[in-house]
Amino acid sequence: MVRASGVAGPTSVFDIVGRRRWYFALSLLVTIPGLIFILLTPLSGGQDGLKFSNDYTGGTIWEVHFKDGTPTTTAVREVLAGQGLADSTVAITQGPLGSYVRMRMEPIGLATPAPVETPVPTLAITPSPSASASPAASSSPSASSSPIASASPAASASPSPTASPSASPSPSPSASPSPSPSPTASPSPTPAATGYQPPTQGKLGALAAALQARFGPIDGELQQSSVGPIVSQDLATDTLLLIIFGSLGILTWITIRFRDVRMGACALAALLHDVVVVVGTFAILGTFFGVEIDALFVTALLTVIGFSVHDTIVVFDRIRENKVRHAGEPFSAIVNHSLLQTLGRSLNTSLTVIITLSALLLFGGEPIRVFVLALLLGIISGTYSSIFNASQLLVAWHEYDDRKRQQEFIAARAR
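So, here is what we can say about the structure in this document. (Residues numbered from 1 in each chain as written. Predicted model: local features only at pLDDT ≥ 70, side-chain atom pairs only at ≥ 80, totals over all residues. Heavy atoms only, no water.)

### As for the overall build of the protein
The number of helices and strands found in the protein is 12 helices and 6 strands. By residue count, 35% of the 415 residues in the protein fall in the buried class. For the protein, restricting intrachain contacts to residue pairs at least 6 apart in sequence, the fraction spanning at least 24 positions comes to 76%. When the accessible area of the protein is evaluated, it comes to approximately 23,700 Å², of which 65% is carbon and sulfur surface. (Helix = DSSP H or I, 4+ residues; strand = E, 2+ residues; numbered from the N terminus. Buried < 20%, exposed > 50% of the residue type's maximum accessible area, 1.4 Å probe, protein only. Contact = heavy atoms within 4.5 Å. Areas by Shrake-Rupley, 256 points an atom, 1.4 Å probe, with all protein chains shown as cover.)

Now the structure itself:
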């Protein structure tokens, strides 16, 4: 049935609101496993559940490639234990040169490799024994080799008539430079000339020396990063504050904008649903696949929150308009009209973003894969929660308030 205003009537075929219990059951089915694995994080001491990068935990990560083959993680742990780093974790990853050894340990600082200097070939001149004469002899044929004679300007300036033929200014063949370079002029091979040079200073340099002594030379590096405990604690605190204040700000704004605290609370509940879905999924991935979350993950989470609220506000705004157009109808019917009117817009917007993110996830680089995956999960969950959670919770709340008022009215009449 269609009214004259072009708005679907209450007898519309698609009854979205009437099946809200199924939507709530599906949400519980998705969020409960994630919540279990999130709770496993503190209960297992970080062995299961969420895996945090060293941005949040602090520590040094060093990822290197060995020229003579990749050692086992057990053997690398033995070397780390010998260096006083027994609590470190070791994993094998892939990179441009093949298999890399990824070591995550307590903060030990970074050591910048020495700058690579390219040796310059030079020509060496080998002087003959006859070329070791004093400068005075070259200017005066009769000059004496005594220190007094060589220091006197007069002796070096006035030629003597008794010049010896052996002091002839004609150059000796042995004093002439050799046209061919000396064998010492060729550049000598250095470790720097072969490519990557491991650090040699500090505790990281000592670790590099111990690893090379057992497994051979290190010829490549994929990652070298270190975060202190103070920086990691500050980052974790700032992340939590960002999520809390962002959620409270959204709740306040929607309440003021629609003059209904129930709309703000339902939008916040939908946000929590999206956060639990994304974080819970990464807790499961961290447990079984070792996927870590970093600062980019928080950026993706805040983006998901904003996108989800945007979609929810569109639905709520249409509900507010239809409350005037369909005054006197049940609130559930008004919400159903609003959802049907905004469903196409919401799906088109979300599908456009999902297609783009899917392409990035499949063909993008490894550094942004976690960020893109978090966005993709959040966009899908946000679209679902705006239509099937936030609006349905609002209907359930209104119906609860209506029943409560009716009971109060009946009780007041019975007095």
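Back to the text.
### Focus on the nonpolar core
Formed by 45 residues in total, the largest nonpolar core has its most connected members in Phe297, Phe316 and Ile319. Of all the secondary-structure elements, those providing two or more residues to this core are α1 (20-43), α8 (229-258), α9 (261-289), α10 (295-325), α11 (331-363) and α12 (369-414). The element best represented in this core is α9, accounting for 11 residues. Leaving out residues up to four positions away in the same chain, Phe316 has contacts with Phe258, Met263, Cys266, Ala267, Ala390, Ser391 and Leu394. Judged by nonpolar contacts, the second largest core, of 21 residues, contains Ala75, Val79, Leu85 and Leu211. (Core = buried A, V, L, I, M, F, W, Y, C linked by side-chain atoms within 4.5 Å.)

### Details of the pairing of strand β3 (residues 89-95)
Of the pairings in the sheet, the one linking β3 to strand β4 (residues 98-105) comprises 7 bridges and is antiparallel in character. The partner of Val90 across the bridge, within β4, is Met103. Where β3 folds back on β4, the antiparallel hairpin that results is connected by 2 residues. (Pairing = 2+ DSSP bridges.)

### Quick word on unusual backbone geometry
Although it is not a glycine, Arg259 sits at a positive phi angle of roughly 55°. Within the secondary structure layout, Arg259 lies in the loop between α8 and α9.

### Some words on the sheet that holds strand β2 (residues 59-66)
Strand order in the open sheet formed by 4 strands is β3-β4-β2-β5, with antiparallel pairing between adjacent strands. At either end of the open sheet lies a strand with only one pairing partner, and these are β3 and β5 (218-227). Direction aside, neighbouring strands of the sheet carry axes that sit 20° apart on average. Strand contacts of helix α3 (residues 73-82): β3 and β4, with the helix running at about 125° to β3, the strand carrying the most contacts. Here helix α7 (residues 202-215) sits on the sheet in contact with β2, β4 and β5, set at roughly 30° to β2. (Axes fitted to C-alpha atoms, helices over the stretch in contact; angles between N-to-C directions.)

### Observations regarding a nonpolar patch on the surface
A contiguous nonpolar patch, built from Leu240, Leu241, Ile244, Phe245 and Leu248 and spanning about 480 Å² of accessible area, is present on the exposed surface. With respect to the helices, strands and loops of the structure, Leu240 is situated in helix α8. (Patch = residues over 30% accessible without salt bridge, like charges linked within 9 Å, V, L, I, M, F, W, Y side chains within 5 Å. Salt bridge = Lys/Arg side-chain N within 4 Å of Asp/Glu carboxyl O.)

### A few points about the packing of aromatic side chains
Under the defined criterion, the tally for this structure stands at 6 aromatic pairs. Pairing Phe258 with Phe316 gives two aromatic rings, centres 6.2 Å apart and planes at 90°, and the pair type is edge-to-face. With Phe258 in helix α8 and Phe316 in helix α10, this pair connects stretches of sequence that are 58 residues apart. Among the aromatic side chains, those forming a connected cluster through ring pairs are Tyr23, Tyr384 and Phe388. Its end group placed over the ring of Phe258, Arg257 keeps NZ or CZ at 5.8 Å from the ring centre. (Phe/Tyr/Trp six-rings, centres within 6.5 Å; stacked < 30°, edge-to-face > 60°. Lys NZ or Arg CZ within 6 Å of the ring centre and 35° of its normal.)

### Some details on the side chain of His65
Within the secondary structure, His65 is located in strand β2. In terms of polar contacts, His65 uses its side chain to reach the backbone carbonyl oxygen of Leu97, at 3.2 Å. At 2.8 Å, the side chain of His65 forms a polar contact with the side chain of Asp219. Not counting residues up to four positions away in its chain, the partners in contact with His65 are Leu97, Gly98, Ser99, Tyr100, Pro217, Ile218, Asp219 and Gly220. (Polar contact = N/O pair within 3.5 Å; in protein donor to acceptor, adjacent residues only side chain to side chain.)

### Describing the environment of Ser88
Secondary-structure assignment places Ser88 in the loop between α3 and β3. On the basis of relative accessibility, which here comes to 9%, the residue Ser88 falls in the buried class. Expressed as a C-alpha distance, the spacing of Ser88 and Ile61, which sit 27 residues apart in the sequence, is 9.7 Å. Not counting residues up to four positions away in its chain, the partners in contact with Ser88 are Leu80, Arg104 and Met105. Here Leu85 takes part through its backbone oxygen, which lies 2.9 Å from a polar atom of the side chain of Ser88.

### Points about the layout of surface pockets
Within this model, the largest pocket holds a volume of roughly 1,500 Å³. Ile61, Arg102, Arg104, Gly290 and Glu292 are, among the 43 residues lining the largest pocket, the residues nearest its centre. Every element with two or more residues in the lining of the largest pocket is listed here: β1 (51-52), α2 (54-57), β2, β3, β4, β5, α9 and α12. Broken down by element, the residue count for the lining of the largest pocket peaks at 5 residues, all from β3. (1 Å grid on protein atoms, 1.4 Å probe; cavity = no way out; pocket = protein on both sides within 12 Å on 5 of 7 lines; lining within 4 Å. Points joined across faces, edges and corners; volume = space filled by probe spheres on them.)

### Considerations on the pairing of β4
Within β4, 6 of the 8 residues are buried, leaving the element largely enclosed by the surrounding structure. The sheet contact formed by β2 and β4 spans 5 bridges and is antiparallel. Bridged to Ile61 within β4 is Arg104.

### Digging into the pattern of salt bridges
All told, the structure shown has 11 salt bridges when counted by the stated rule. Here Glu399 makes a salt bridge to Arg20, at a shortest N to O gap of 2.6 Å. In this pair, Glu399 sits in helix α12 while Arg20 sits in helix α1, placing the two residues 379 residues apart along the sequence. Judged by relative accessible area, Arg20 falls into the buried class, the value being 13%. The closest approach of N and O atoms between Glu321 and Arg318, which form a salt bridge, is 3.3 Å. Linking Glu321 with Arg318, this pair stays in helix α10, spanning 3 residues, or about one helical turn. A residue is classified by how much of its surface remains accessible, and Arg318, at 28% relative accessible area, is partly exposed. One salt-bridge network, held together by shared partners, links Glu63, Arg102, Arg104 and Glu292.

Shape descriptors only; they carry no functional weight alone.
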